[in-house]
Structures are given as structure tokens and as C-alpha cells.
Amino acid sequence: MKVTKKLCYEYRNAPIPGGGYVTGLLYHQQTPGILYARTDIGGVYRYETEQKRWKSLIDHVTMEDLDECFPAAIALDDRYPERLYIASGVGGRGVGKLSVSEDYGQTFRYARIPAMVHGNLSGRGTGQRLVVDPGDSDTLYFASSKDGLLRTRDRGQNWEKLPVPEEYMTFVWVSEDSRTLVAGTAGYTSRIDDTRRGHSLYVSYDGGGSFEPLEEPESPIIEDSKMNGLVAQRYAYDGKYLFVTMCATGRWNYLVDLGYSCDTGDTIGGKVLRYSFGEGRISGYTDITPDGRGQRTVGYLDYGFGGVDICKARPGLVACVTLCREKLDAECLYVSEDYGDSWRVSLWGLEAGDIYFNTSYMKPEYNGGRSLLHWESDLKINPFDANELWFNSGTGVFTTDALLSDHPRYHDHCDGIEETVHLNVYGPVCGEVQMVDIVGDLGGFAFRDLTKPCRNSFDDAEGNRYITCINADLSDIDGSMAIITARGNWRGKTKGGLVRTRDGFHTFQRIPMPWGQGEKIDAAMAQIERPNVNPGWVAMSPQGQNIVWSIADQIWLPMDLVISSQDGGESFAPVKVLSPDGAPISVRQVEQRRRGQFSGTCMKVYSDRINPMLFYGFGEGGQIYVSRDGGAVFREKRPDEVRTAEGQLLEEMPACDFGMIDTANRTEVRGAAGASGIFYIAMGRAGMWKMIYRAETDRLELIRLSAQGDSCLRMGLGLGRPGSDYVTGPKALYLCGSIDGQYGFYRTLDEGKTYERLNNDRQMYGEINSIDGDKRVFGRFFLATGSRGVLYGEPVGDGEH
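Residues numbered from 1 in each chain as written. Predicted model: local features only at pLDDT ≥ 70, side-chain atom pairs only at ≥ 80, totals over all residues. Heavy atoms only, no water.

Take the overall build of the chain next. Counting its secondary structure elements, the chain contains two helices and 57 strands. Expected size for 801 residues packed as a compact globule is a radius of gyration near 28 Å; at 27 Å, the chain falls within 12% of this value. Principal-axis analysis of the C-alpha atoms gives the chain an extent of 90 × 60 × 50 Å. Put simply, the chain has 801 residues, and 64% of those count as buried. Residue pairs in contact within the chain that sit at least 24 positions apart in sequence constitute 55% of those at least 6 positions apart. Summing over all exposed atoms, the chain offers an accessible surface of approximately 28200 Å²; the carbon and sulfur share of this is 47%. (Helix = DSSP H or I, 4+ residues; strand = E, 2+ residues; numbered from the N terminus. Rg over C-alpha atoms; globule rule 2.2 N^0.38 Å. Buried < 20%, exposed > 50% of the residue type's maximum accessible area, 1.4 Å probe, protein only. Contact = heavy atoms within 4.5 Å. Areas by Shrake-Rupley, 256 points an atom, 1.4 Å probe, with all protein chains shown as cover.)

Okay, here's the thing in C-alpha cells:
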């Protein structure tokens, strides 16, 4: 038995907060105080009214099954307020997961949905996709993204497909008597041709037995639209009218089939419709679309509409919000108190609505002087309080408790929501920063206090933020120095590439692009200067003089795009990579490999933690390369010895793909401070390994530390003993993986001979992208998750279960 102890740990978020796309909100219509939010990659949250905080419902989710991190829809039952249904999945398998809770999301049982479900799929902001039949609590409907409209009559145990003449769905509505169904679709499988979608709205008057087209506006033909045709987005029903929002695929969408909502770049031609009822049928619609000033218009608008809602406590109250209007100036939220006959502008950018931002990085001074609001695809009014409204965004949730006033004072309320994608995390060896967090969309944060949000993410001298950083290399001897790969932001206020700090993450300077590296490298760098393009991976010598940059081609790190500098970034040159016998690895060989099993011959680079002349490269097939001249020339180095920790010789190290940015392959490489040539490697199912390179003899040894059958998905290094020095003393190894067949977080103080488990079954936190230990506080370690923010764990009490 290798697990000798189970330690009691407490986990807290280092607060961002918010930061990601909250895709939907849902109130219980009969019981006050029940509100849920779904996110694209961070699962479902329940709002705790007394604490005024959001509570995650995915803390039990492990890396071995991430379906619940990606909810596509949630549903509530008017008769049973404790019930919660979630449809979720990661796609690729053709089936989804239905999570069923009887206790407000505390625990779940599971059923299978026979359709492709992916909560982070384009079109994820539409809905409601999952509803409970108002007349039968055992019956649910699910409007899938690609596999039609489904129904279950036994709460998910068995499903049937209903005859809607379209496979790509956006929502489903069911009347109180269960006879009338309205299905929203993307009109893709029924498209007229490859430039125009088919009909979007269908209605059934026989409980789903048959469907017919529901009257809808004729879509304008926009010549430069990627695909013309209106698509239904959201709906709200107040007992009298059914309100529906619609929009069309815009000009800059990067997808066509699923490119009908804000999350693929653009929407246009927005509409807000009010459907009336008569004699048990829908009798027609009235176009109640507001223009930029709040005046009704039937004309074309160069943006879309997303969220719409009503309030049963105040008949006539309707609110709606634009989609992708921020590309013109700013999103606009409208309020009507006469069922949409007239509107007023309640929120428009920074001009109307008295919006303020509690979270520092959201403030206009860090976002080019503008409101950062975008992707407002849903909004909900409290059914018991007409003044309370919540709306989603691409960066958290916002609310007001004074909707009906002239000064609603909208503001972010993301306390507890931590659903940004954290790509890498680092525990610094020295300096005032306690933890460096590398984040998707937001860039990066340097936490000096783990309990407080940072002032801003990494930014330039004017406060303009970089977005999505990929990695950082921190000096182990100078806490003020680090280098980072960063994307430029969407509005071009910052440009991607290499960013450096020389004052401990207070300020950042971009290293100018080193043009003149050859046509191919220059083209890759030009691409990186465009907004939101992956910059690659960087390594820096401890003194900061030598820099090696693996420039990215999407998620890959091709060997022929690696450049190096030996003068602190003043100049760069392409690196040379040699085979073990000293022959150059040619571009021709690289291109041949790209047509083979791998995307290309790749190399991810790391610096020695002491010797400024030593750099290491790791390839797409587990190859190891060593540079002894500061990164100018790398030579493939085959291991002189491969063995287990017990001394048993092995034929070779298992093949492992290191050739992509970290989240694209489950690996992690950590260099040990205070020692030259010592690295620890998480190799997924192949376990945890130690690499020793002895420069004086040019000898490479590889040691498998974990037992056969154990896995190591991520790993990091921390202080090895209380009161010791990290640089000169022993190292603690922290990892997530499976030991003795049980997945969890573990620590080993003796390089894999024994392990201590550091979590319980309610402390899993979904996708783990990176782990590192605190270098100054024994027992503390950091988790960069793809679903639950960045967390730190610390022992509680005596630390043992």
C-alpha cells in the first residue's frame, strides 16, 4: 500500500472572480429564493441568498469524467422546488449526461441522453433547451444542438425523438396544458442552400405528435453574411404572450452551421417578437423590436437580440438585451412595462444605467475606456420582485435591485463564481508574489495576497490588458524577473508575443517582434500580432540573458518555429536542431512528419534552473533535446539509462506528446530549483518520471518514480519539510492522478515511495490543468483548473483524517 495517510485539507479560491461565459440563468417560478446559473466550462452554480454568494455544484467532478463541467441546459420543476435537472457533456461520444438532483444540487443521480451534448459548443447561449412538462413532472423535453428534439416520459431513463423537420435545435417551450410545443431551430439541416438557412420556428398542437412551421419574419438577405436566415434564440412566456428573440449569422463568424449566436463572432438582423394566442393556437406575432433609442422598428438592425424575460409579479413588464451590438458601440438592455408596445433604454454601455464594477479588472480604465460587457445572451427578472434583474455576459453575471427606477445601478455580482480557464500556475521561489496564475481570456494574475483579487491582469503602461497567456518562466534567483507568452487583446490595444516584467509583476514590457527570421517564422509572428492568437511557449535563463521561444502554430509548437536570444531579447535567431549523430533535422523532415501521425516535429522548451547555458526541449513523441550554448543549438539526446526507482532497467521511456501547449496534452514538466539538470515530469497514464542530465558527462538518465499502473496527469514541486529552504532542501512532489487505483490529489515526500492523499470525494474541482507547490509554506499547493478557478489547498488541524 503506497498511500500511507489521508490528510484533511481545506481548499479556497484565489479570487478572480467571474471571468468566463455564464451561458444561462434560471429562477424557480413558484418558490422564492431559488436561482441557478450555468456556465460554458465551469458547471452549474446555485445562488445562496443569505450569503449573497454563488455556490459551485461540480466540486465532486474528477478529471476522469468531466461531463458535468459543460452544462448545455438546466431545468426546474414547478411542483418540486428541490429538483434540478442538468443536461451536460463534452461531445465526441454522441451521448450526453442528464444529472438529476432531489436536493437543490447537493447530490445527483445520472441518466444517459442519446444525443451529442456539449456545454461549450457554439450556440450555447440559446435556450431553454431542457424543460419539465408543466402537466407531468416525469416528462422532460431536450432540444439538442445537433440531434433533434427529444422527450423522456420517465425522467431520463428512456428517450424518444419527436418529428421536428430539423436536427439543429435552439430551444423548446411547452404550454401549461402540455398540448402546444414551440421548437426553436437553427434551420441548418433543412437549409435552402449553403447560403441560406431553412425555417427556424415550429409548433405542435398535439403534444409533439406532429409539427408545422410557425409564422416568423422573413429574413433579410445580407450579401456578406456567412449564412442568411433568422434563428430563434430565447423566449419568455407570461401567460398571455410568448416573447421570442431572433438573429442571423453575421459577417465575421468563424462557424456556419452553429454560427447563429454571439459566441462565434457576430450576429445581425435582430428581432424581438410577441406571439399571441387564440382558440388554443398561436394566432400570429407582432414585431416589437426596439432600435438603439428604444423606439420600435421593423427595419434591419446590424446586431442581434439575445435574452428576454417577463415578471409574473408585474404583468406587462418585459426586458430584452442586444447581442453583438458592442462591435458598434455598446450592448443595450431595454425595459417595457406595456408588453413591448414601448421601450426605454435601461442600460447602454457606460452612458445609461449607472453601471459600476466591483471587480477591478472589469473597470473601464483596464478595458480601453469602454464597458467590457459582451455576449449578453440571457437575462432573468425575479418572478417575486420586479426590481431584481440578472443578466449574463462573457465575463460573469450582473444584476440590479432597482430595475424600474431611473438609476438602476447595474453591477457585477460574481462572488463565488470562478469559472475561468487557468492554464498554468507557479509558486515563486522568491519575491513578494505568492502565486502566479496564467489564465485563458484574462491573461494572468500575480497574487501578493491569496485572499484578495488582483488590481488587474497583466497589462501595458496604459492599463490595457493582455488576454490568454500560455506560460511563464520565473527566475529562481531574482524574484523581480519573469517572461510570459501572451495573446493580444480583441481590440488591438495590446499585441501578442513575449512580455517581460523586471519589477516583480508590477509592470510589463512587450519585447518587440524580431522580424527578419525568415519567411515562415515572420509569417507566424505576424499572425501572433493579430488579436487573440496563441503566442507559443517561452523559457528564460535564471539571469534573464538567454531566451528560447517556441512560436505556436495554433496549439502546436513546431520545431522549425523556435528562435532564441542571447542578449536579453534585443535580437533573435532561429535555433538549430540536430539529430543524435549531429546531422541537422531539416525542414523537409519536419514537413514529412506533419503528414504523418503527429501534426509536426515539435519542441517545447524549458530552462535549466541554475546553468544559464543549458536549455531542454521535449518533443511530440517523447524526444528530449539539450542545448549547451544558451539555446542556439539543440541536439536530440537519447537516454543513457532508463530505469525504475527500484533500479530495474527499462528499454525506453514511453512515448508521450509534449509538443503542444499544456492543456492540449496531459503533461507537466517542472525543474527543481537549486539543482542543475533535475526535472520531474507528469506523463499521464505513463506515470511520474524524473530526468537527470549531467552536463559534465553529457549523460541523461530517466527514472520512473511511480509504480506500474499509476497515473500522473499534472505535478508540481513545493517545500519538502517545515522550516526548510526550498532551494537547498528536499522537495515535495504534488500531483493529480491515480495511485493504487484511486484518483485524487497526492503528495510524496520521498519521490514516490509513499504518498499522502490530500482531498476527499467532494474536493475534486473538475479539470486540472496545472499543479504547483508553495515554495515557502509547507503543505500549501496550488491548482489551476479548467472549470473551477485557481485554488490553493492547505492542511487543516493536525492534517490527518
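Where a strand is regular, its side chains alternate between the two sheet faces. Of all twelve residues in strand E20 (residues 267-278), nine are buried, a share of seventy percent or more. Relative to E20, strand E19 (residues 242-249) runs antiparallel, the two sharing seven bridges. Considered in E20, the bridge of Val244 is made with Leu273. Across six bridges, E20 lies against strand E21 (residues 281-287) in antiparallel orientation. Of the residues in E21, the one forming a bridge with Phe277 is Ile282. (Pairing = 2+ DSSP bridges.)

Turning our attention to the nonpolar core. Counting residues in each nonpolar core, the largest one holds 52 residues, and the members touching the most others are Ile438, Phe458, Phe505, Phe618, Phe634 and Met691. In terms of residue count, the dominant contributor to this core is strand E33 (residues 467-474) (four residues). In contact with Phe618, other than residues within four places in its own chain, are Cys602, Met603, Lys604, Tyr606, Gln623, Ile624, Tyr625, Phe658, Val669, Ile681 and Met691. Counting residues in each nonpolar core, the second largest holds 47 residues, with Ala14, Tyr47, Phe391 and Val790 among its members. (Core = buried A, V, L, I, M, F, W, Y, C linked by side-chain atoms within 4.5 Å.)

All right, on to the confidence of the model for the chain then. On average, residues of the chain carry a pLDDT of 95, and 98% of them reach 70 or more. Segment residues 591-598: pLDDT under 50, and 14 contacts once partners within four positions in sequence are set aside and those in other chains are kept. (pLDDT = per-residue confidence, 0-100.)

Our focus in this paragraph is the sheet that holds strand E42 (residues 604-607). What the five strands build is an open sheet, ordered E41-E45-E44-E43-E42; its pairing is mixed. Each end of this open sheet is capped by a strand with a single partner; those strands are strand E41 (576-578) and E42. Along the sheet, successive strands turn relative to each other by an average axial angle of 25 degrees, direction set aside. Sheet analysis places strand E44 (residues 624-627) next to strand E45 (residues 633-636), joined by two bridges and oriented antiparallel. By the bridge assignment, Tyr625 is partnered in E45 with Glu636. (Axes fitted to C-alpha atoms, helices over the stretch in contact; angles between N-to-C directions.)

Once that is clear, we can look at the sheet that holds strand E18 (residues 230-237). The strand order across the open sheet built from four strands is E18-E19-E20-E21, with neighbouring strands paired in antiparallel fashion. Edge positions in the sheet fall to E18 and E21, since each of these pairs with one other strand and no more. Strand-to-strand, the axes of this sheet are offset by a mean angle of 30 degrees, without reference to chain direction.

By the secondary structure assignment, Ser101 is in strand E8 (residues 96-101). The exposure class assigned to Ser101 is buried, which follows from its relative accessible area of 0%. There is a polar contact of 2.8 Å between the side chain of Ser101 and the backbone nitrogen of Gly105. Those residues in contact with Ser101, other than ones at most four positions away along the chain, are Glu82, Arg83, Leu84, Gln106, Thr107 and Phe108. (Polar contact = N/O pair within 3.5 Å; in protein donor to acceptor, adjacent residues only side chain to side chain.)

Quick look at the packing of aromatic side chains now. Summed over the entire model, instances satisfying the criterion amount to 37 aromatic pairs. Between the aromatic rings of Phe305 and Tyr334, the centroid separation amounts to 6.1 Å while the plane-to-plane angle is 40 degrees, which identifies the pairing as tilted. With Phe305 in strand E22 (residues 304-310) and Tyr334 in strand E24 (residues 332-336), this pair connects stretches of sequence that are 29 residues apart. With respect to burial, Phe305 and Tyr334 carry one shared label: buried. Plain terms: the ring middles of Tyr606 and Phe618 are 5.6 Å apart, the flat faces sit at 85 degrees to each other, and that makes the pair edge-to-face. Placement of the pair is Tyr606 in strand E42 and Phe618 in strand E43 (residues 615-618), with a sequence separation of twelve residues. You'll find Tyr606 and Phe618 in the same group, each marked buried. We note Arg83 situated over the ring of Tyr80; from NZ or CZ to the ring centre the distance is 4.0 Å. (Phe/Tyr/Trp six-rings, centres within 6.5 Å; stacked < 30°, edge-to-face > 60°. Lys NZ or Arg CZ within 6 Å of the ring centre and 35° of its normal.)

By the element assignment, Val397 lies in strand E28 (residues 396-400). With a relative accessible area of 0%, Val397 lands in the buried category. Sequence-distant contacts of Val397, defined by excluding residues within four places in its chain, comprise Val22, Leu25, Trp54, Trp390, Phe391, His411, Asp412, His413, Cys414 and Ile417.

On to the pattern of salt bridges, then. For the structure shown, the criterion picks out 53 salt bridges. With its nearest N and O atoms 3.6 Å apart, the salt bridge here joins Lys2 to Asp710. Of this pair, Lys2 sits in the segment before strand E1 (3-13) while Asp710 sits in the loop between strand E50 (699-704) and strand E51 (714-719), and the two are 708 residues apart along the sequence. Here Asp710 falls in the buried class, since its relative accessible area comes to 5%. Between Lys520 and Asp560 there is a salt bridge, with the nearest N and O atoms lying 2.8 Å from each other. In this pair, Lys520 sits in helix H1 (residues 519-528) while Asp560 sits in the loop between strand E38 (547-551) and strand E39 (562-565), placing the two residues 40 residues apart along the sequence. Relative accessible area serves as the criterion here: at 36%, Lys520 is assigned to the partly exposed category. (Salt bridge = Lys/Arg side-chain N within 4 Å of Asp/Glu carboxyl O.)

What follows concerns the side chain of Ser564. Checked against the element boundaries, Ser564 lands in strand E39. Polar side-chain contacts of Ser564 include one of 3.2 Å to the backbone oxygen of Gly631. Apart from residues no more than four positions distant in its own chain, Ser564 is found in contact with Ile547, Val548, Ser571, Phe572, Ala573, Val575, Gly631 and Ala632.

Here the focus is the environment of Thr663. Its place among the elements puts Thr663 in the loop between strand E46 (641-644) and strand E47 (668-671). Residue class for Thr663 comes out partly exposed when judged on its relative accessible area of 32%. Each C-alpha atom of the pair Thr663 and Val172 lies 35 Å from the other, and the pair is 491 residues apart in sequence. Dropping the residues within four chain positions of it, Thr663 is found in contact with Leu423, Arg714 and Asn769.

Between Gly127 and Gln128 the backbone carries a cis peptide bond, its omega angle lying at 10 degrees. When you line up the elements, Gln128 lands in the loop between strand E9 (109-113) and strand E10 (130-132). Positive phi is not limited to glycine here, since Ser178 has a value of about 70 degrees. Relative to the helices and strands, Ser178 resides in the loop between strand E14 (169-174) and strand E15 (181-185).

Joining two cysteines, a disulfide is a covalent bond between their sulfur atoms. If you walk through the whole model with that rule in mind, you get zero disulfides. Left unpaired, Cys8 is separated from the closest cysteine sulfur, that of Cys736, by 20 Å. Of the residues examined, Cys8 reaches a relative accessible area of 26% and is grouped as partly exposed. (Disulfide = S-S within 2.5 Å.)

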